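Secondary and tertiary structure notes
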Amino acid sequence: MRSFSSSTMSEIKFLTTWEVYDTSDGTLLQSLKGHKDTVYCVAYAKDGKRFASGSADKSVIIWTSKLEGILKYTHNDSIQSVSYNPATHQLASCSSNDFGLWSPEQKSVSKHKSSSKITCCSWTNDGQYLALGMFNGIISLRNKNGEEKVKIERPGGSLSPIWSICWNPSSRWESFWMNRENEDAEEVIVNRYFQEIPSTLKSAVYSSQGSEAEEEEPEEEDDSLRDDNLEERNDILAVADWGQKLSFYQLSGKQIGKDRPLNFDPCCISYFTKGEYILLGGSDKQVSLFTKDGVRLGTVGEQNSWVWTCKVKPDSNYVVVGCQDGTISFYQLIFSTVHGLYKDRYAYRDSMTDVIVQHLITEQKVRIKCRELVKKIAIYKNRLAIQLPEKIIIYELYSDDSSDMRYRIKEKIVKKFECNLLVVCSDHIILCQEKRLQCLSFSGVKEREWQMESLIRYIKVIGGPPGREGLLVGLKNGQILKIFVDNLFAIVLLKQATAVRCLDMSASRKKLAVVDENDTCLVYDIHTKELLFQEPNANSVAWNTQCEDMLCFSGGGYLNIKASTFPVHQQKLQGFVVGYNGSKIFCLHAFSISAVEVPQSAPMYQYLERKMFKEAYQIACLGVTDTDWHELAMEALEGLEFETAKKAFIRVRDLRYLELINSIEERKKQGETNNDLFLADVFAYQGKFHEAAKLYKRSGHENLALDMYTDLRMFEYAKDFLGSGDPKETKMLITKQADWARNINEPKAAVEMYISAGEHVKAIEISGDHGWIDMLIDIARKLDKAEREPLLMCAHYFKKLDNPGYAAETYLKIGDLKSLVQLHVETQHWDEAFALGEKHPEFKEDIYMPYAQWLAENDRFEEAQKAFHKAGRQGEAVRVLEQLSNNAVVENRFNDAAYYYWMLSMQCLNVAQDWFDTPPPCSPTPLPLHTEDPAQKDTMLNKFHHFQHLAELYHCYHAIHRYTEEPFSSHRPETLFNISRFLLHSLTKDTPLGISKVRTLFTLAKQSRALGAYKLARHAYDQLRGLYVPARFQKSIELDSLTIRSQPFHDNEELVPLCYRCSTNNPLLNNLGNVCINCRQPFVFSASSYEVLHLVEFYLEEGITDEEAVSLIDLEAPRHKRENKWQEITGNNSQTLRLDETMNSMGDDDPFTAKLSFEQGGSEFVPVVVNRSVLRSMSRREVLIKRWPPPLQWQYFRSFLPDASITMCPSCFQMFHSEDYELLVLQHTHCPYCRRHIDDPSR
């Protein structure tokens, strides 16, 4: 005997050494030595961790899986057989006259005498009993302690020595064996309780009515199926003796069935897989496969000598065979799946000798026992054909009942046939032999034969009258034929370029579906040969037998359903589609076939979209959900397809709509034909009241629409429907509304009444007063956006109840963007306001002005400007500051206005600066970066100068306004005098908003009188007479105008301003403005006292850069001592002084003193231009520079009184007397003009 584990096998040679091989590739792992004589037997433990060997040297050695011997014990004679207990590690070793039992738990081997030579042994599955086969033909059943429990004496006695025994590894075959006893004839048994037993390995040879001739790769199936409910006493023992018989016994000793003749001497027996089959080998030099009840199925492998051992690899389909000549062969057994399908009946082979017919709808099964190997199965209508090795048996149903499952034998064709495919018809069988088809009658007579051009890949019976059925045949060369069994000539339906894999014809036989070798599903019109459509990823296809235009195909793990020419609907599915009946799709997966219920919702909706109601109803009848039925009913009802709608509503049992349809049908019988009226009733039932009302009106039944609205208390819709109709009907509606409202005593109910009556304003008032936010939300969302007044009221209450989000939603609904902007501003939701301003630029002013005010209130002006600048909104920042400045002027905050305008000017300068790059050191002017739009820069620079001018004016006017409004003033009279003069000289053209010329002249007159400038005061009073003077100043002005005339008509000469360039005394009132009347040199004023500062502006000669000029000034070149140019000459009678101009060290080179003899009152201003030598001669302490950023140029000023200190603010570049500036900074901690903080170096 031979035994092997899952990874290695051992070879016994009739030598003292024996070898262990790897079963994966036959590699010799190791030769083992330990016995002194021939090794007769070897056995592995079930877990594969140990194995034992027995030898003619009377010893037993136990080895580990690492091929190391760990124990050795002896008997009194040679060892004939060893076997491990499958449940424990107990080892049975048998010799010629005794047997021993050893286990690791016991110290010694317990031995028991035997009456005859023991040739073989085998343990039951549970390890409780040991069967011993003896040379005298007796079988002894012992328990695990060695005690004999059953002794089986066989009729042959010593003439039939027991040579091999084996217990069936599964005990679940007892019921099967009980049914097999005394069954000699072929018969049909219907098992009401049938447990399907799968084959271990199979490959699909699809060989019946829809058949695929090529084999597929086998798949292993879970063979762990066990029946744990059967008792251990049901074990079956298979016995092979040299009387050339195979017998079966129960554990009780009772024989099962009859002895099976073998016609050879068996040397080994082994059960295959889980006891479904038996392997026998012996003197016939081959290993044969038998069924579990002893029916021979075929040869596994032929050898050149006797087969002495065959063993099955545990939990696999591999078999190893050992022969007399020392050959070891390794086989893999693969069982093909033999089956057939026709509509809802599926027949398949079971246990190799049985056929099970399964009704896929009712799940009934019937077993047909053939007692021989089933080679082919074919099924068609009430016929079933089974091919056995030496015959073909044709069965028929007892009755024509579609649910009948009782078959009986109709005919037998006792003849051996070789074919690839078998097909059965009503009166014929068709044999497919590669390229040839043979038609045989049930008596076995060949009636006709067809020879094809190519291999037959697919064949299917497509029905027809008995004896004249049609066959659909697909060939490998792509040809598709239709053959009638009573016609010798085949009809070519079409020819395609690719091989046919699967075929099916529609129920009306107008369309043909083909799956080719490229996994493409192609659908043809049979009559026109036109390719209707094709779909990829298909391995099988089937038409719906109940619907002409529906087919399904499988492939790629998906099921595809296609209706008519609509797109494919997909869902996941494993296996092959082999049938499509109604809503059931028959799917073959692995070994079994199953009926999958597939709702037909998708194709039904495809038909509904095209208003094909009858076709949609046919699809729905195949199987859809209740929701789909309801949708079909509604669609058909709206389409006035009442018959279809009625059927569908009956399905869903909707009595309400059935009553409607019945009433419409009755009205149609009475002669009513107005479809609009019918459809209006349908819409009213569906709750589509507006559509119903329109149809009522179109059909001339306005009264029905009014009745519908009033019954539903939808008074507002009734009023809209009436419009300017009959006043009586309107009054009726109002009366009904009033009657209904009379019964409402709660505010919520009143609100609902007002909503229904269309009185939304009253409903909103009640809801808002009670704080019912939910009610207001509901009203606002239901109102149409055209109803502005109630929606605005809703928004008002939302704001009042602190729900700005709903207010915003309401404003957005009615499109009131201005109110929405105001809401965001009020709630300070600036991000939302800015986003809205981006989309609607017309509201930017409404957004940014409050935002700037809010920032100003929180002292965040610079932060706001930086934010605008980073966002690229310089223009918006300028406009916001303009508005802020304007507001400050309107509110008489002139000091703030001056500050805002200065900030505005600097903002404009920043914008203009972005258009210029920093100039290179050698360039006197900045270079424009954005030459494509120079107008933008010029505009910003003009605004800069304009806003700088306004900032100066409002800064001055702030003092005048305070003087005229407040009872006390902090300014000295001289300061107010200078400020009023500066303003009057600056207001030569237009007067800015908020600056009063009356107040300015009034202040000038008052201060001129106080300082002794009576002529100027009189002029101011004269000017005031021509202006509109507020009442509060009139009396004072009139009195002063009279009293001033008592004063001398001249001004105090100390007040006259001096030009520091030309030393000209200028009048107090200068028609030219704030410039010298002689040299036109602009005066430079102190920004606090507004006195004329001893500064003269000069310009650089062309070619001198700012950096060079500063470096030259910083040189501090030594100055020549100024020589006295006056010479005293004393004569006889006189003494004279003469100016010697030749003594001037600089001569005419000093531009500040040169050309002082130009014409008095010249009209053109000649600026002071200095060269490098002049710059070198200047002292740093006498030069002040306004370092403006580009694109502005620097301004240079020379002080003619260097000892009188002047301070310039580094931020705004305003000039101050140093004492005044320091005092003001100490008072306010910042510059009085630009408000630059003294600790802020960044500005």
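Parameters and conventions
- Residues numbered from 1 in each chain as written.
- Predicted model: local features only at pLDDT ≥ 70, side-chain atom pairs only at ≥ 80, totals over all residues.
- Heavy atoms only, no water.
- Helix = DSSP H or I, 4+ residues; strand = E, 2+ residues; numbered from the N terminus.
- Buried < 20%, exposed > 50% of the residue type's maximum accessible area, 1.4 Å probe, protein only.
- Contact = heavy atoms within 4.5 Å.
- Areas by Shrake-Rupley, 256 points an atom, 1.4 Å probe, with all protein chains shown as cover.
- Pairing = 2+ DSSP bridges.
- Salt bridge = Lys/Arg side-chain N within 4 Å of Asp/Glu carboxyl O.
- Axes fitted to C-alpha atoms, helices over the stretch in contact; angles between N-to-C directions.
- Parallel < 35°, antiparallel > 145°, perpendicular 65-115°, else oblique.
- Left-handed = near helix turned anticlockwise from the far one by under 90°.
- Nonpolar A, V, L, I, M, F, W, Y, C, P; charged D, E, K, R; others polar.
- pLDDT = per-residue confidence, 0-100.
- Polar contact = N/O pair within 3.5 Å; in protein donor to acceptor, adjacent residues only side chain to side chain.
- Phe/Tyr/Trp six-rings, centres within 6.5 Å; stacked < 30°, edge-to-face > 60°.
- Lys NZ or Arg CZ within 6 Å of the ring centre and 35° of its normal.
- Patch = residues over 30% accessible without salt bridge, like charges linked within 9 Å, V, L, I, M, F, W, Y side chains within 5 Å.
- Core = buried A, V, L, I, M, F, W, Y, C linked by side-chain atoms within 4.5 Å.
- Arc of directions from axis to C-beta.

This next bit is on the overall build of the protein. Regarding its fold elements, the protein presents 30 helices and 67 strands. Burial status across the protein gives 51% buried among its 1243 residues. Looking at the protein alone, contacts between residues at least 24 apart form 47% of all its contacts between residues at least 6 apart. Here the protein displays about 59,200 Å² of accessible surface, and carbon together with sulfur accounts for 48% of that area.

Attention now goes to the pairing of strand E56 (residues 584-589). Direction of pairing for strand E55 (residues 576-581) relative to E56: antiparallel, over a ladder of five bridges. Counterpart to Tyr580 in the pairing with E56 is Ile585. Between E55 and E56, which pair antiparallel one after the other, the connecting turn spans two residues, and Gly582 there sits at a positive phi close to 65°. Here six bridges tie E56 to strand E57 (residues 592-597), and the two strands are oriented antiparallel to one another. Looking at E57, one finds that Leu588 is bridged to Ile593.

Let us now look at the pattern of salt bridges. In total, this model carries 43 salt bridges according to the counting rule given. Where salt bridges share partners, they join Arg383, Glu396, Arg408 and Lys410 into one cluster.

Right, let's get into the packing of helix H26 (residues 1014-1025) against helix H27 (residues 1031-1043). Packing of H26 against H27 leaves a shortest axis separation of 10 Å and a crossing angle of 135°. As the angle between them shows, H26 and H27 are arranged oblique. Considering how the two elements wind past one another, H26 and H27 form a crossing that is left-handed. Contacts between H26 and H27 pair Tyr1021, Leu1024 and Arg1025 from the former with Ile1037, Asp1040 and Ser1041 from the latter. Partitioned by chemical class, the residues of the contact of H26 with H27 number three nonpolar, one polar and two charged.

Moving on, we come to the sheet that holds strand E11 (residues 110-113). The four strands are arranged E8-E9-E10-E11 in an open sheet whose pairing can be described as antiparallel. Across the chains shown, the open sheet's two edge strands, defined by having one partner strand only, are strand E8 (79-84) and E11. Each adjacent strand pair in this sheet contributes to an overall mean axis angle of 15°, direction not counted.

This part takes up the sheet that holds strand E38 (residues 407-413). The strand order across the open sheet built from four strands is E35-E36-E37-E38, with neighbouring strands paired in antiparallel fashion. Single-partner strands in this sheet number two, and they are strand E35 (376-380) and E38. Averaged over all adjacent pairs, the angle separating strand axes in this sheet is 20°, with direction ignored. Both strand E36 (residues 383-388) and strand E37 (residues 391-397) contribute to a ladder of six bridges, which runs antiparallel. In the sheet register, Ile386 faces E37, and the bridge partner there is Ile393.

Now for the confidence of the model for the protein. On average, residues of the protein score 79 in pLDDT, and 81% of them reach the 70 mark or higher. Contacts of residues 1141-1147 to residues separated by more than four positions or lying in other chains number five contacts, the stretch itself having pLDDT below 50. Between residues 1157-1161, whose pLDDT stays under 50, and residues either more than four places distant or in other chains, the model counts seven contacts.

Mapping Thr353 onto the fold places it in the loop between strand E32 (345-350) and strand E33 (354-359). A distance of 3.4 Å separates a polar atom in the side chain of Thr353 from a polar atom in the side chain of Asp354. When residues no more than four places from it in sequence are discounted, the contact partners of Thr353 are Thr291, Val295, Leu297, Ile368, Lys369, Cys370, Arg371, Glu372, Leu373 and Val374.

The full count for this structure, using the stated rule, is 29 aromatic pairs. Aromatic side chains Phe51 and Trp63 sit 6.3 Å apart centroid to centroid with 10° between the ring planes, which places their arrangement in the stacked category. Taken together, the residues span a long stretch of sequence, with Phe51 in strand E5 (residues 50-55) and Trp63 in strand E6 (residues 59-64) at a distance of twelve residues. In terms of burial, Phe51 and Trp63 fall into one category: buried. Taken together, the ring pairs in this structure connect Phe894, Tyr901, Phe947, Tyr954 and Tyr957 into an aromatic cluster. Just above the ring of Phe1200 sits the side chain of Arg1198; from NZ or CZ to the centre is 5.7 Å.

With that settled, the discussion passes to the environment of Phe1197. If you trace the backbone, Phe1197 turns up in strand E65 (residues 1195-1199). Separated by 99 residues in the primary sequence, Phe1197 and Phe1098 have C-alpha atoms spaced 6.0 Å apart. If we ignore the near neighbours within four places in the chain, the residues touching Phe1197 are Val1084, Leu1095, Val1096, Glu1097, Phe1098, Glu1182, Val1183, Leu1184, Lys1186 and Met1215.

This part is about a nonpolar patch on the surface. Side chains of Tyr1099, Phe1165 and Val1169 sit close together on the surface and give an oily, nonpolar patch of about 240 Å² of accessible area. In this structure, Phe1165 sits in the loop between strand E62 (1135-1139) and strand E63 (1168-1170). Since its relative accessible area comes to 31%, Phe1165 is described here as partly exposed.

Turning next to the nonpolar core. The biggest cluster of nonpolar side chains holds 65 residues, and the ones touching the most others in it are Tyr901, Trp902, Tyr954, Leu1095 and Met1215. Counting only elements with at least two residues in this core, the list comes to helix H21 (874-890), helix H22 (894-913), helix H23 (934-965), helix H24 (973-986), strand E66 (1206-1208), strand E67 (1215-1217) and helix H30 (1218-1228). Dropping the residues within four chain positions of it, Leu1095 is found in contact with Val1084, Leu1184, Phe1197, Arg1198, Ser1199, Ile1206 and Met1215. Counting 52 residues, the second-largest nonpolar core is a separate cluster that includes Val598, Ala616, Ala648 and Phe683.

With that out of the way, let us pick up the environment of Val624. Along the chain, Val624 falls in the loop between helix H3 (613-622) and helix H4 (626-638). Considering only alpha carbons, one finds Val624 and Ala602, 22 residues apart in sequence, at a separation of 9.2 Å. Residue contacts for Val624: discarding those within four places in its chain leaves Gln600, Ser601, Met604, Ile619 and Trp629.

The N-to-C vectors of H24 and helix H25 (residues 997-1011) enclose an angle of 140°; their axes lie 8 Å apart at closest approach. In terms of axis orientation, H24 runs oblique to H25. With respect to the hand of their crossing, H24 and H25 are arranged in left-handed fashion. For the pair H24 and H25, contact is made by Pro973, Glu974, Leu976, Phe977, Ser980, Arg981, Leu983 and Leu984 and by Lys997, Thr1000, Leu1001, Thr1003, Leu1004, Gln1007, Ser1008 and Leu1011, respectively. Partitioning the contact of H24 with H25 into residue classes produces eight nonpolar, five polar and three charged.

Here we come to helix H16 (residues 804-814). Here H16 has its buried residues at Ala807, Ala808, Thr810, Tyr811 and Ile814. Angular distribution of buried residues about the axis of H16 spans 160°; they occupy a single face of the element. Exposed positions of H16 whose direction lies more than 90 degrees from the buried face are Gly805 and Leu812. Those residues of H16 that are buried are in contact with helix H14 (773-782), helix H15 (788-800) and helix H17 (817-826). Within two residues after H16, Gly815 carries a phi angle of roughly 75°, on the positive side.

Among the structural elements, Asp1022 can be located in helix H26. It is 7.7 Å that separates the C-alpha atoms of Asp1022 and Ser1041, two residues lying 19 residues apart in sequence. Within polar-contact distance, the side chain of Asp1022 engages the side chain of Arg1045 at 3.3 Å.

This paragraph deals with the pairing of E36. Note on strand geometry: in a regular strand, side chains alternate between the two faces of the sheet. Of all six residues in E36, six are buried; the element is thus mostly enclosed. Across the two faces of E36 the burial is the same, with Arg383, Ala385 and Gln387 and Leu384, Ile386 and Leu388 all buried. Where E35 lies against E36, five bridges are found, and the strand directions are antiparallel. Bridge assignment links Lys376 to a residue of E36, and that residue is Gln387. In this structure, the hairpin formed by E36 and E37 is closed by a connection of two residues.

With that settled, the discussion passes to unusual backbone geometry. Omega for the bond connecting Pro1190 with Pro1191 falls within 30 degrees of zero, at 15°, which places this linkage in the cis form. A positive phi is found at Glu434, a non-glycine position, where the angle reads about 55°. Considering the arrangement of structural elements, one finds Glu434 in the loop between strand E40 (428-433) and strand E41 (436-441). The exposure class of Glu434 is exposed, given its relative accessible area of 52%. The phi dihedral of Arg509 falls on the positive side, at around 60°, and the residue is not glycine. As for its placement among the helices and strands, Arg509 is situated in the loop between strand E47 (500-505) and strand E48 (511-516).

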